[in-house]
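# Examining the three-dimensional arrangement
Here is how the chains run, residue by residue.
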Amino acid sequence: MAELTIDLTYGSALFEAAKDTGQADQVMEEATEVLGILKQESDLHTFINYPAISASEKKAVIEKVFGDKICDVLLNFLYVLIDKRRTSRFEKMIKAYKKLMDQEEGLSYGTVYSVEPLDKDRLSELEADISKLFQANVRLENEIDPKLMGGVKILVEGKIIDMSIRKKFDDLGSQITLN
């Protein structure tokens, strides 16, 4: 639980700093690139997370690798993470940052479960309907759930909209037993 607080605290600090300088989108883009490089270059990832290496050595390497490729806001953020020994949480902090950006733009994310993959038109149609329902701009990701007989289940912001055939059968069964 403490890790979630740390991620949100640092992600919020980065978001506020980026917003104050008008670089919120740029920081998100560059942070995504940095994460990609760290995933691709496991030696660099291990190096910046290794506790026996001094902060000054880590900062020198970060400066050499990213110094002229990322904005000062993100570079200074990486320096703070190095000083506070929080570099291992960088990816989760950026997820928190992304969530804050999305909230600022009125975006919500959800998952639509179906038996078969939904085509783009159907997914767009569901996004439009759910966006109206939630009065927010909702983006849906399609996941396959072979346990569904048919129809869809949609999960957005902890709320489930169940339009599955199984749910319809259950509802019908409840009505029959009540009568």
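Residues numbered from 1 in each chain as written. Predicted model: local features only at pLDDT ≥ 70, side-chain atom pairs only at ≥ 80, totals over all residues. Heavy atoms only, no water.

### As for the nonpolar core
Rule in force here: Here the nonpolar core consists of buried residues drawn from Ala, Val, Leu, Ile, Met, Phe, Trp, Tyr and Cys, with membership extended through side-chain atoms lying within 4.5 Å. Burial classification: accessible surface area is computed with a 1.4 Å probe over protein chains only, and a residue below 20% of its type maximum counts as buried, one above 50% as exposed, and the rest as partly exposed. Helix and strand definitions here come from DSSP, where helices need a minimum of 4 consecutive H or I residues and strands a minimum of 2 consecutive E residues; each element is numbered from the N-terminal end. Throughout, a contact is declared for two residues whenever any of their heavy atoms are within 4.5 Å.
Grouped together as the largest cluster of nonpolar side chains are 32 residues, with contacts concentrated most on Leu14, Val27, Ile62, Leu74, Phe77, Phe90 and Tyr97. Residue assignment for this core shows that the elements contributing at least two residues are helix 1 (2-20), helix 2 (24-40), helix 3 (42-49), helix 4 (55-66), helix 5 (72-83) and helix 6 (90-104). Setting aside its immediate chain neighbours within four residues, Phe90 contacts Ala31, Val34, Leu35, Leu38, Leu74, Phe77, Leu78 and Leu81.

### Details of the pattern of salt bridges
Going by this rule: By definition here, a salt bridge exists when the distance from a side-chain nitrogen of Lys or Arg to a carboxyl oxygen of Asp or Glu is within 4 Å.
All chains considered together, the criterion is met by 9 salt bridges. Notably, a salt bridge pairs Lys69 with Asp68, separated by 3.6 Å at the nearest N-O pair. Here Asp68 falls in the exposed class, since its relative accessible area comes to 68%. Glu127 is paired through a salt bridge with Arg139; the nearest N and O atoms lie 3.8 Å apart. Of the two residues, Glu127 sits in helix 7 (residues 120-134) while Arg139 sits in strand 2 (residues 137-144), which places them 12 residues apart along the sequence.

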